[in-house]
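Remarks on the overall topology
Each chain is listed here by its residues.
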Amino acid sequence: MCYAIPGRVVALRDRLAVVEYYGRRKTARNEWPHLRVGDYVLAQGGFIIEILSEEEARETLRAWEALFRELAETDARLSPPALPRPGASPHIRRLLEPALEGRPLGLEAIEELLRIESPADLDLLYRTANHLRHRHQENACCVHGILELSNDCRRSCAYCGIRAGRGDLFRYRLSVEEAVDAAGEAIVRYGFRALVLQSGEGAYPLEDLMAIVAEIRRRWPCLVIASFGDMDEEALDELYEAGARGLLLRFETSNPALFAHWRPGASLDRRLRLLRHAAGRGYLLMTGALIGLPGQTLRDRARDILLARDLKPEMVSFGPFLPSPGTPLSSAAPPALDEALKTLAVLRLCDGGGGNVLVSTALETLHPEGRERGLQAGGNTLMLNATPLRYRPHYALYPGRAHASESLERQIADTLTLLKRLGRAPTDLGLSADR
Ligand code: 5AD
């Protein structure tokens, strides 16, 4: 199974290439000095990872074409412009108008959308977000892999099930060789081209992380996304040198007081500085917040959405807070499914509809229909768990994690079945060219 469709380079400017496949155009960052217009490439997460021979590319494109067209038709059928159902409020219709015209939404409007409760208005919001997703991303659905290298952590975040000091948790740490082998399996055997490497904070010395990233990049063409919590700017630069090109780091909450309260010893300011530094260094950013973190107000959540958009990430990653045993927040309530869906939908509406919006594993865990509903409310990105099965249950951010015991093969099969039903193509050629 291949998760990247080849495209032909139709224009090159500076470090950006415009890539075309089946008549669609996307832009992707280019680091290949000898890349020329007319070359065929694979791109992931907005990044060119491989130049292909014309023969190989044409063969893959031919093999995909019929299915691609069929999927696109299904998606177009399922994502028409949203006509309000009886009972939808004219006020909500008016609030949605700027988004449909590509104009930004302000804080007040976002908060009002997050306050929606009536089924007719919720339906209108979700269908509008889905339509915008289709308009800007067509049926492309990014499917990345995530490899959880270690659940060791030096932080004591109040919400997190792998926090330091949780004595009842078995701690594991893949060796450099195990980590590279597991990445190789995901890339070679299962066709992943974009891999998130994640661990608790401070689980590895920097040299080990660099060795893992460098060896993966040396052996296979892929996008490596680092997700190791806070680190200093120099360390981030060194990881970039080693070959990491994406950074997955949520700011968790845009409220500095909440941040400091639930994440002792850490500061929002510092995290934002790190994110901005990473963007300046050339990292593709993936960031976002927890939905329904105890103490969060709707205004906070509206600000989370605006902050995420300000950071101009390649992908926004928002997921519901889920109470975890062994933490100070173990008896707090998780948000309702609609709270999480509204957040995804508003994220999609927020900057005119472009960008990638993740349907998180936490959303899938919150509700059995979380994945499908998220994909129909503006979401267009999924992550499958590529952690070796024997370690997976111990990466216990929260209990009952979706896919904790499913082989990667099973996850891929289920994902493809769902994407086929929704008419989504598991591909990722980067940012849409109109963004
Ligand atoms: N519920 C949901 N998400 C959680 N995370 C950590 N603990 C929880 C929880 N209890 C998320 C954080 C972190 C990511 C790796 O996991 O947002 O950024």
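One can find the structure itself at the top, above this paragraph.
Residues numbered from 1 in each chain as written. Predicted model: local features only at pLDDT ≥ 70, side-chain atom pairs only at ≥ 80, totals over all residues. Heavy atoms only, no water.

For the chain, the helix and strand inventory stands at 14 helices and 16 strands. Relative to the globule expectation of 22 Å for 435 residues, the C-alpha radius of gyration of the chain, 21 Å, shows essentially globular dimensions. Overall, the chain is about 55 × 55 × 40 Å in size when its C-alpha atoms are taken along their principal axes. Out of the 435 residues belonging to the chain, those deemed buried represent 61%. Counted over contacts in the chain with a minimum sequence separation of 6, partners at least 24 positions apart contribute 75%. Charged side chains in the chain number 56 positive and 57 negative. The centres of these two groups are separated by 3 Å. (Helix = DSSP H or I, 4+ residues; strand = E, 2+ residues; numbered from the N terminus. Rg over C-alpha atoms; globule rule 2.2 N^0.38 Å. Buried < 20%, exposed > 50% of the residue type's maximum accessible area, 1.4 Å probe, protein only. Contact = heavy atoms within 4.5 Å. Lys, Arg positive; Asp, Glu negative; His and termini not counted. Charge placed at Lys NZ, Arg CZ, Asp CG, Glu CD.)

The next subject is the site of the ligand. Taken together, the residues surrounding the ligand are Y159, C160, Q198, R250, E252, L290, P320, F321, L322, L397 and Y398. The backbone of Y159 places a nitrogen or oxygen atom 2.8 Å from a nitrogen atom of the ligand. Within the backbone of L397, an N or O atom sits 3.5 Å from a nitrogen atom of the ligand. With the chains in place, 88% of the 400 Å² that the ligand exposes on its own is no longer accessible. According to the grid-proximity analysis, the pocket containing the ligand is the largest cavity. Here the residues of the shell around the ligand are counted per class, giving eight nonpolar, one polar and two charged. (Near = heavy atom within 4 Å. Polar contact = N/O pair within 3.5 Å; in protein donor to acceptor, adjacent residues only side chain to side chain. Areas by Shrake-Rupley, 256 points an atom, 1.4 Å probe, with all protein chains shown as cover. 1 Å grid on protein atoms, 1.4 Å probe; cavity = no way out; pocket = protein on both sides within 12 Å on 5 of 7 lines; lining within 4 Å. Sits in = over half its atoms within 2 Å of the grid points. Nonpolar A, V, L, I, M, F, W, Y, C, P; charged D, E, K, R; others polar.)

Okay, the packing of helix α10 (residues 298-310) against helix α11 (residues 337-350) next. Close contact between α10 and α11 brings their axes to 10 Å; oriented N to C, the two are set at 40 degrees. When the axes of α10 and α11 are compared, the pair comes out oblique. For the pair α10 and α11, the sense of crossing is right-handed. Touching L298, R301, I305, L306, A308 and R309 of α10 are E339, T343, V346, L347, R348 and C350, all from α11. Its residues assigned to classes, the contact of α10 with α11 comprises seven nonpolar, one polar and four charged. (Axes fitted to C-alpha atoms, helices over the stretch in contact; angles between N-to-C directions. Parallel < 35°, antiparallel > 145°, perpendicular 65-115°, else oblique. Left-handed = near helix turned anticlockwise from the far one by under 90°.)

Moving on, we get to empty space enclosed by the protein. A complete count under the given rule lists two cavities of 30 Å³ or more for this structure. By volume, the largest cavity is sized at about 840 Å³. Lining the largest cavity are 40 residues, and of these Q198, R250, E252, Y395 and L397 lie nearest its centre. Listed by contribution, the elements that provide at least two residues to the lining of the largest cavity are β6 (142-150), β7 (194-199), α12 (361-366) and β15 (381-385). When residues in the lining of the largest cavity are grouped by element, the largest group, three residues, is from β15. Grouping the amino acids of the lining of the largest cavity by side-chain chemistry returns 22 nonpolar, nine polar and nine charged. Of the volumes computed, that of the second largest cavity is approximately 40 Å³. As for the second largest cavity, its lining consists of A226, S227, F228, G229, M231, L236, L247, L248 and L249. For the lining of the second largest cavity, the class distribution of residues is seven nonpolar, two polar and no charged. (Points joined across faces, edges and corners; volume = space filled by probe spheres on them.)

Here the focus is helix α6 (residues 206-219). The end-to-end C-alpha separation of α6 is 20 Å, in line with the 20 Å expected for 14 residues at 1.5 Å each. Among all positions in α6, only L209, I212, V213 and I216 are buried. Taken end-on, α6 shows its buried residues confined to a sector of 90 degrees, consistent with a single buried face. Residues of α6 that are exposed and point over 90 degrees away from its buried face: E207 and R218. Against the buried residues of α6 lie β6, α5 (176-189), β7, β8 (223-227) and α7 (233-242). (Expected span 1.5 Å × (residues − 1). Arc of directions from axis to C-beta.)

Bringing the sheet that holds β7 into the picture now. On the basis of which strands lie adjacent, the open sheet formed by eight strands has the order β14-β12-β10-β9-β8-β7-β6-β15 and parallel pairing. For this open sheet the edge positions go to β14 (356-357) and β15, each flanked by a neighbour on one side alone. As defined by bridge partners, β6 adjoins β7 across five bridges and the pair is classed as parallel. Its bridge partner lying in β7, L147 is registered against L197. (Pairing = 2+ DSSP bridges.)

Attention shifts here to unusual backbone geometry. A positive phi angle, close to 50 degrees, is found at D14, a residue other than glycine. Considering the arrangement of structural elements, one finds D14 in the loop between β1 (7-13) and β2 (16-21). Given the relative accessible area of 82%, D14 is considered exposed. Of note, K312 is a non-glycine position whose phi angle comes to about 50 degrees, a positive value.

Bringing the packing of α6 against α7 into the picture now. Relative to each other, α6 and α7 sit at 25 degrees, their axes nearing to 8 Å. Taken together, α6 and α7 sit at an angle that is classed as roughly parallel. Both α6 and α7 take part in a crossing whose hand is right-handed. Residues L206, L209, M210, V213, A214 and R217 of α6 touch α7, and the partners they reach there are A235, E238, L239 and A242. Partitioned by chemical class, the residues of the contact of α6 with α7 number eight nonpolar, no polar and two charged.

Time to look at the environment of E50. By the element assignment, E50 lies in strand β5 (residues 47-52). In this structure E50 comes out as buried when scored by relative accessible area, which is 19%. Counting along the chain gives 179 residues from E50 to G229, while the straight-line C-alpha distance between them is 28 Å. Looking at E50, its side chain comes within polar contact range of the side chain of R193, at 3.1 Å.

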